[in-house]
Structure formats: C-alpha cells, structure tokens
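# Topology and contacts: notes
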2 protein chains.
Amino acid sequence: MTETQQRIAVDAMGGDDAPEAIVAGALRAAQANPAVEIQLYGDEAAIKQALADKTLPTNIVIIHAPEKIASDDEPVRAIRQKKDASMVMAARAVKAGEADAFISAGNSGALLASGLLIVGRMKGIERPGFMATLPNLSQIGEQWLLIDSGANTESKAKHLVQYARMGYTYAQVVQQKPNPSVGLLNNGSEASKGNDLTKAAYDLLAAEESIRFVGNIEARDVLAGAADVVVADGFTGNAVLKAVEGTSSQVMHVIKDTLKSGGLGTKMGALLIQKQLKATLKDLDYNKAGGAILFGVKAPVIKCHGSANADNIFYGIQQAVSILDAQIVPELTDIFADQAKQEKGE
Amino acid sequence: MTETQQRIAVDAMGGDDAPEAIVAGALRAAQANPAVEIQLYGDEAAIKQALADKTLPTNIVIIHAPEKIASDDEPVRAIRQKKDASMVMAARAVKAGEADAFISAGNSGALLASGLLIVGRMKGIERPGFMATLPNLSQIGEQWLLIDSGANTESKAKHLVQYARMGYTYAQVVQQKPNPSVGLLNNGSEASKGNDLTKAAYDLLAAEESIRFVGNIEARDVLAGAADVVVADGFTGNAVLKAVEGTSSQVMHVIKDTLKSGGLGTKMGALLIQKQLKATLKDLDYNKAGGAILFGVKAPVIKCHGSANADNIFYGIQQAVSILDAQIVPELTDIFADQAKQEKGE
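This write-up is about the structure you can find in this document. Being a predicted model, the structure only gives us computed values, none of them experimental.

Turning our attention to the overall build of chain A. Each helix and strand in chain A was counted, giving 11 helices and 11 strands. A compact globule built from 346 residues should have a C-alpha radius of gyration of about 20 Å, and chain A, at 21 Å, falls within 12% of that. Expressed as lengths along the three principal axes of its C-alpha atoms, the size of chain A is roughly 65 × 60 × 35 Å. In chain A, 70% of the contacts between residues at least 6 apart in sequence involve partners at least 24 apart. Accessible area for chain A stands at about 14400 Å²; split by element, carbon and sulfur atoms hold 48% of it. Distance from the positive charge centre (34 side chains) to the negative charge centre (40 side chains) of chain A: 2 Å.

Okay, structure coming up:
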C-alpha cells in the first residue's frame, strides 16, 4: 500500500437494505477501482453472509464493528454512546488518518453529527451543508447541484455564500465545468424578491467575485437546469429536494400504472415503448447520482439514501473516488483558511 | 337580478394570454352558470375584439377599465396609483358590495395587495395566505390543499394555525370531506423535527382541538396524499408548490420527447398508448384545479396562473361559485371573530 492509495470507509450496517445492498455495491466498486482500498465497517458475520460464496477482492477489508446506529436513534447521543457502532468507527478511521473518506446510508442526523463532531469542520466554515447532485431534465446527462439540501434548519446569509463557493469549486474541479453558474433559490426571479435571509444573501452573492452569480432561481426551474449550482438554506433546500424526488417518482408511477391498466392496445403500445422509456428513466435515476456530500468538513463524507440499493452505494463510492482524485477538500481548505485570515485582518 | 344572485368580478387584462384566454374562459363559465353574473373588467375594445363574433350572454357585463397593471409593476405602488386599472376596479367592486368575489391571472403581488388593502382582511386574521389545490397522485380524482403557498415570506407559528383552520374548513365545507387530515410541512416526520417555526407550530397544532392534526409531512409525500390539508410558511410552501409543478411538467416533457424521438416501434407504441396517456395527463392537469385562493380576506379572491388558459379561468370561476355556494367566508368570519373575542377575554 503506497501513500497515495485511496482508502474509503464504508458503513456496512446503515440503510434499509444493509448489509446486503452495501456489500454488493462495495464489491462492484472494489472491482472497478483495483487501486482503491474499501474498508467495510460492520458485523463481520453479517458481512460475510452477505458476501455469500463470492471471493473477497484483495482491496476490500472487513473491520468488525459490534454495534450499529438505528434509524430512529437520537443522533448526537447515539454517536457519543455507541462508540463501536459501524458508522462511528468509519468516521473515527477518517479522523485518525486511516481512511480518506466515509460513506453511509444510515441515520442522516447521526452521519451529520459524525461529520461535525468526529471528522470535524474545516477552518472558516461554520455550518457544513449537504450538497445533492440532481439531473438536468432539459439536457439529459447534465447535472446540477443543490447545497444546502438539509444539513441545517436555520441558516444565515454568510453560510449561503460559503455554500456558493463550495458548490462552484466542486462544479469546476469535479464536474469540470469551466465557469459554472450559481443561483439563489428564491420565491421569484427579480432581485427584490425574497424573505429577509434571501434578500441579504442576494446582496452578498452579487458582491462575491470568486463565483459567477446569475441571480434568483425559482423552484419550478431548477430541474430544467436554470443554474449549475443552486444555493439554499437547509430547510427550504431539503423541502425542494424532497418535492422534486417525490414528484418525479410519483408521476412516473402514475404513467406506469396507466400503461398497465389500459386495454390490449395500450398494453401492446407499452411493450413497444418499453425499451426506450427504460433508457430515459435510467438517465433520470437518482441512484446514479451517488449521495449527498457533507461539505465543509475535513474529509469527504457521503450520505446515500436510506433506501440505497447496490447501484447507489457503487455510485457513492465512485463519487468519493472522484472527489479524492480532484483534491477538492485541500483546495477548499485553502480557500476558507485564507478567507478566515482576511476576516481576522491577518 | 335577485339579492342571492352571485356576481363575480373578473380582471380581463391580467395574465400572459389576456384578454383572449380570460374572455374565452368567462364565456364558458357564463354558459355553465346562467344564474351567475360575470363582470369583465378591462379595455372594452380589446374585450369586444376577443369576443369576436360571439354573442355576449346576458349574464356577462363588460365594465371598461382604462388602465392595467403590468406583471413587473411594483405591487403596492401600482394599486395605489392605477386606480382605474382592471384589477383594482374589480377589487373595488367587491369592496363596494357590487361583486361577491374576484379573479385575476395578473401580477400576484398586486392581487395580494388588492386583497389586503382594498377587499380587506377578516377580523382576527393577521396574514391572509394563498391556498393552492393540488392532485393526489395515489388516488386520481382526489385533491389536497397547500396553505400558505406564497402570500407571505415570513410567517409565525400562530399564522400556521390559522391556515390550518381555514384549510380544514374549506376541505369540509367546499370539498365535502367529513373529517379532513391536516399536516405540517416539515423536514422530517418525527415530532421533534424542524426549525424554530415548525417546532413551535407543531405544538400549537397538536393542541388545536378544532382540526384533525396528523403531524409532520415531508415534501416527498405531499403528492401521494399524505394529508388533505398541508400547512406551511409562505416561503417554503411556495418553493414546494413550484418544485411540484415544475417537476411534473418536466418529467412529462421528457417522457413525451422519448416517445417522439424513438424508432418506428416506439412511435407505433406511442400511438397505441396516446389515448390512455392523455386521459391520465388530463387528470393531473393543474389548470383544472382553478387558482390559488387568497384566504383570510373578506371575500373570495382567486389568483389564476400567469399562464392561465381559458380552461384555467373557467375552473377558477367555478371555484368561486363553489366557495360562494358553500358560504365559507361567512363561516370563517364567525370562527375568527369568536377567536379574536376569546383572545381579548371578552
């Protein structure tokens, strides 16, 4: 193992379909990235059972964790009391420098607390935020970012500016967009619109020279790719993320039901369009976007959906690999350390 | 004209396709409701041109308004300075008792200001809110209500309780649901979740005996009919409304594009499913839901989409007729007057 090898800590016990889905996703990722070490934290017997008769690739390590955090555990108390829980051990590995990033599909609040209290905040960042990657429905294959998608329930205007800088840097460095646009989620497109928070954030963002601010974005236009990075307070960002995900899945469900419930003609038609429709739905598949990144902590921390399947875990690990390859965390660390110094007048 | 005849004031000049779409919708509504008087406020020549060679039904009255409010006018200034604008004249007719309700697809802010400053607030209501009607995708044909969907940018917990009572009463009296459920839009389903506002609102709603409170609702579940009435602060409610509308329309757009762009098989399949799919999409058509009702003012004030077509205006007028038939405004007036008295200790 060389110094530059990436090591990714995976909480094998978090999520509705853990450990099976997590182990299956990790196996795929290990095969796709032979130079990356994947550390599976969890109940050793359960992980081995999930592996069944598959040979363990040499780049997967199992680290036994005798406890696990439940989805209804109170987050901060859980990470303090269950020191040998799979999620806590994975976070501690990052803190100790034994892993470079960590991923979990478990209790979101506990993941957030692990990121803040174990991995630790970057200097200069007060409130790390979750950044979600979503599909652009006007240009299939393109993606946009929503930050904060739910780490915080109360935000200040200056936090939104930090999200803007983090999202902008990610879009440049990881997504390789040369000059990504940054928009502010608001209740109207005019500059004068908004509540106290968005009005104050608008002024700060417009004055921020390190990003390309394109003004206010309404929630109806986000999926059409109105901006590469959409900045929001965590409460509204979370509501919009869930509304977008819920609506997509429910509209597709209604359409599938329509095709099934129709007469013979409809059923024949459904068979004919099946292949093409499946290809489109695959493009819109949220699982392929990986997870939400907790941005503003000292290492990449990725939250996959509670209902994550193997695909979602695979893409979450791929995302961690891309983030580590792009060295975005050291870059952000420099940016915010400089800013913190300037603010102190050093 | 008897005392009990309903008179509905329609702003013929508001909306992207005014006056044509408005006049066409009003004509349909006049034919469907021969006992209702429809007052069209706007440029008389333009309205007559929109009528073309159609005979004016006897229950439509044209009232010339020499001015109109533009979509980018500053709302409060516009309604103060343009006293002879179609929207302002329609609101003044309601205030003067010459009309019983008013409808516009014009500038939302100006409509809100007309409602608050000309029609006037109900006693006991501090912050009237917009209530939107949305389809329940789990039970096609059923609808749910979202209040406040965007009248206010800052809300207090006690305003959310008033929205809950207004929505509950509307669902009972107009939608004839015997015991509608009321949920609070929040970032998680557990009682402990939320920001300062939703935590405070949760406690007040749980203690409110006049409604059936079912707890927190996440934005991903609203379209699946998680509650008959979903209460939100106006900023988040607006974001969720727009996210739901934008996502539905963009997902359907992607599916339509898929069917068009495929090979011969897909095109044939698309033809076969067309009829069934159109029937489903019709059920989901937001235009059929009418408009957003400004609730908490002294008469029904209805805001149709800026892009309203004739269908939307027709359903908006039908909605006004139902609200007037159900006499919900007098009922709410009593409820909140009683409450205001109790709070004063009278």
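Next, the rest of the story.
Residue and element names in this part refer to chain A. By the definition in use, this model includes 18 salt bridges over all chains. Between Glu 208 and Arg 165 there is a salt bridge whose closest N-O contact spans 3.8 Å. Taken together, the positions of Glu 208 in the loop between helix H7 (196-207) and strand E8 (212-217) and Arg 165 in helix H6 (residues 157-173) put the pair 43 residues apart, joining distant regions of the chain. Given a relative accessible area of 16%, Arg 165 falls into the buried group. Of the charged contacts, one joins Arg 220 and Glu 218 as a salt bridge, the two residues approaching to 3.7 Å between their closest N and O atoms.

Our next topic: the pairing of strand E8 (residues 212-217) of chain B. Successive residues of a regular strand alternate their side chains across the two faces of the sheet. All names here are of chain B. In the sheet, strand E7 (residues 181-185) pairs with E8 via four bridges, with the strands oriented parallel. Along E8, the bridge assignment pairs Ser 181 with Arg 212. You can see the chain leave E7, run along helix H7 (residues 196-207) and come back into E8, and the turn it takes is right-handed.

Turning to a nonpolar patch on the surface, a few remarks are in order. Residues Leu264(A), Met268(A), Leu272(A), Leu264(B), Met268(B) and Leu272(B) make up a contiguous nonpolar surface patch of roughly 600 Å² in combined accessible area. For the nonpolar patch, the secondary-structure elements that each account for two or more residues are helix H9 (264-283) of chain A together with helix H9 (264-283) of chain B. With respect to the secondary-structure elements, Leu272(B) resides in helix H9. Leu272(B) gets classed as partly exposed once you look at its relative accessible area, which sits at 34%.

Before going further, it helps to spend a moment on the pairing of strand E6 (residues 143-147) of chain A. Residues and elements named next belong to chain A. Burial of E6 is extensive: four of the five residues sit out of reach of the surface. Strand direction decides the pairing type here: strand E5 (residues 129-135) and E6, joined by five bridges, are antiparallel. Pairing of Met 131 across the sheet is with Ile 147, part of E6. Bridge count for E6 against strand E9 (residues 229-231) is three bridges, and the pairing is parallel. From the neighbouring strand, Ile 147 faces E9, where its bridge partner is Val 231.

Between chain A and chain B, the residue contacts involve 51 residues of the former and 52 residues of the latter. Around 4200 Å² of area is buried between chain A and chain B when both sides are counted, 69% of it from carbon and sulfur atoms. Broken down residue by residue, the surface that chain A buries against chain B is led by Arg220(A), Phe235(A) and Lys242(A), which jointly contribute 16%. Linking chain A with chain B are two salt bridges. Lys242(A) is paired through a salt bridge with Glu218(B); the nearest N and O atoms lie 2.3 Å apart. Taken together, the connections running from chain A to chain B amount to eight residue pairs in polar contact (both at pLDDT 80 or more). Broken down by secondary-structure element, the contributors of at least two residues to the side of chain A that touches chain B are H7, helix H8 (234-261) and H9 of chain A. For the side of chain A that touches chain B, the class distribution of residues is 22 nonpolar, 22 polar and seven charged.

Let's shift gears to the packing of H8(A) against helix H8 (residues 234-261) of chain B. H8(B) packs onto H8(A) with a crossing angle of 35° between their chain directions and a minimal axis gap of 8 Å. Of the two possible hands of crossing, H8(A) and H8(B) adopt the one that is right-handed. Between H8(A) and H8(B), the contacting residues are Phe235(A), Thr236(A), Ala239(A), Val240(A), Ala243(A), Val244(A), Thr247(A), Ser248(A), Val251(A), Met252(A) and Ile255(A) on the first element and Phe235(B), Thr236(B), Ala239(B), Val240(B), Ala243(B), Val244(B), Thr247(B), Ser248(B), Val251(B), Met252(B) and Ile255(B) on the second. Tallied by class, the residues present in the contact of H8(A) with H8(B) amount to 16 nonpolar, six polar and no charged.

We now examine the environment of Ile211(A). Residue and element names in this part refer to chain A. In this structure, Ile 211 sits in the loop between H7 and E8. Taking the C-alpha atoms as reference points, Ile 211 and Val 182, 29 residues apart in sequence, are found 7.1 Å from one another. Other than its neighbours up to four places away in sequence, Ile 211 contacts Ala 164, Arg 165, Tyr 168, Val 182 and Leu 205.

Tallied over the entire structure, the rule returns six aromatic pairs over all chains. Both rings, one in Tyr170(A) and one in Phe295(A), keep their centres 5.8 Å apart while their planes meet at 80°; by these two values the pair is edge-to-face. Of the two residues, Tyr170(A) is situated in helix H6 and Phe295(A) in strand E10 (residues 292-295); the sequence distance between them amounts to 125 residues. For the pair Tyr202(B) and Phe213(B), a centre-to-centre distance of 5.2 Å together with 75° between the ring planes defines the contact as edge-to-face. With Tyr202(B) in helix H7 and Phe213(B) in strand E8, this residue pair connects regions lying 11 residues apart in the sequence. In this pair, the class of Tyr202(B) matches that of Phe213(B), namely buried. Looking at Arg28(A), its charged tip hangs above the ring of Phe314(A), at a distance of 3.9 Å from the centre. For the cation-ring pair, Arg165(B) lies above Phe336(B), with the distance from its terminal atom to the ring centre recorded as 5.8 Å.

Time to look at the relation of the copies chain A and chain B. For the pair chain A and chain B, the relating rotation is 180°, the translation along its axis is 0.0 Å, and the fit reaches an RMSD of 0.0 Å. The symmetry that links the two subunits is that of a two-fold axis. In terms of C-alpha distance to the rotation axis, chain A has Gly269(A) as its closest residue, with the C-alpha 1.8 Å off the axis. A share of 100% of the interface residues of chain A reappears at the interface of chain B, consistent with the copies meeting face to face through the same patch.

With that settled, consider the sheet that holds strand E6 (residues 143-147) of chain B. Residues and elements named next belong to chain B. Here 11 strands make up an open sheet; going across it, the order is E3-E2-E1-E4-E11-E10-E5-E6-E9-E7-E8 and the pairing mixed. Among the strands making up the open sheet, the edge pair consists of strand E3 (60-64) and E8. If you compare each strand with its neighbour and ignore which way they point, the axes differ by 25° on average.

Moving on, we come to the side chain of Arg7(B). Along the chain, Arg7(B) falls in strand E1 (residues 7-11). Reaching out from Arg7(B), the side chain makes a polar contact with the backbone oxygen of Gly97(B) at a distance of 3.1 Å.

Turning our eyes to something else, we now look at unusual backbone geometry. The step from Ile147(A) to Asp148(A) runs through a cis peptide bond, and the omega angle for that step is 0°. With respect to the helices and strands, Asp148(A) occurs in the loop between E6 and H6. One non-glycine residue, Gln327(A), lies in positive phi territory at about 50°. Locating Gln327(A) in the fold gives a position in the loop between helix H10 (310-326) and helix H11 (328-344). Despite not being glycine, Ala52(B) has its phi angle at roughly 50°, a positive value. Relative to the helices and strands, Ala52(B) is located in the loop between helix H2 (44-51) and E3. When its relative accessible area of 52% is taken as the criterion, Ala52(B) is described as exposed.

The rules behind each value
Here the residue numbering is sequential within each chain, running from 1 through the sequence in written order. The lettering of chains begins at A and the numbering of ligands begins at 1, in the order of writing. Totals for whole chains, interfaces and linings use every residue, but because this is a predicted model, local features are given only for residues with pLDDT of at least 70 and side-chain atom pairs only at 80 or more, for both listing and counting. Side-chain numbers here rest on the full set of heavy atoms in the structure, without hydrogens or water. Numbering of helices and strands runs from the N terminus; a helix is a DSSP stretch of H or I covering at least four residues, while a strand is a stretch of E covering at least two. We take the radius of gyration over the C-alpha atoms and set the globule estimate at 2.2 Å times the residue count to the 0.38 power. In this description, contact between two residues means that some pair of their heavy atoms is separated by no more than 4.5 Å. Per-residue and other accessible areas follow the Shrake-Rupley method at a 1.4 Å probe size, with only the shown protein chains counted as cover for residues. Positive charge is attributed to Lys and Arg, negative charge to Asp and Glu, and no charge count is given to His or to the chain ends. Charged side chains are reduced to one point each, which is NZ for Lys, CZ for Arg, CG for Asp and CD for Glu. We define a salt bridge as a contact between a side-chain nitrogen of Lys or Arg and a carboxyl oxygen of Asp or Glu at a distance within 4 Å. Only protein chains enter the accessibility calculation, which uses a 1.4 Å probe; a residue whose area is less than 20% of its type maximum is buried, one above 50% is exposed, and one in between is partly exposed. By this definition, two strands are paired if DSSP reports at least two bridges between them. Place the viewer so that the strands point away; then a crossover is right-handed whenever the path from the first strand over the helix to the second strand goes clockwise. Surface patches are defined over residues having more than 30% relative accessible area and no salt bridge, joining like charges when they lie within 9 Å and nonpolar side chains (Val, Leu, Ile, Met, Phe, Trp, Tyr) when within 5 Å. By buried area we mean how much accessible surface two parts lose on assembly, using a 1.4 Å probe and totalling the loss over both. As used in this structure description, the phrase polar contact means that two N or O atoms lie within 3.5 Å; if the pair is within protein, one of them must be able to donate a hydrogen and the other to accept it, and residues adjacent in sequence are counted only when both atoms belong to side chains. Gly falls in the polar group here, along with every residue not listed as nonpolar (Ala, Val, Leu, Ile, Met, Phe, Trp, Tyr, Cys, Pro) or charged (Asp, Glu, Lys, Arg). Only the stretch in contact is used when fitting a helix axis, every axis being a line fitted to C-alpha atoms; angles between N-to-C directions are given from 0 to 180 degrees. Whether a crossing is left-handed or right-handed is set by the direction in which the near helix is turned from the far one by less than a right angle, anticlockwise for left-handed and clockwise for right-handed. When two rings of Phe, Tyr or Trp (its six-membered ring) have centres within 6.5 Å they constitute a pair, described as stacked for plane angles under 30 degrees, edge-to-face for angles over 60, and tilted for the intermediate range. Only when the NZ of Lys or the CZ of Arg is both within 6 Å of the ring centre and within 35 degrees of the ring normal is a charge said to sit over the ring. The atoms used to superpose the copies are C-alpha atoms, taken from residues with pLDDT of at least 70 in both, and the fit is least squares.

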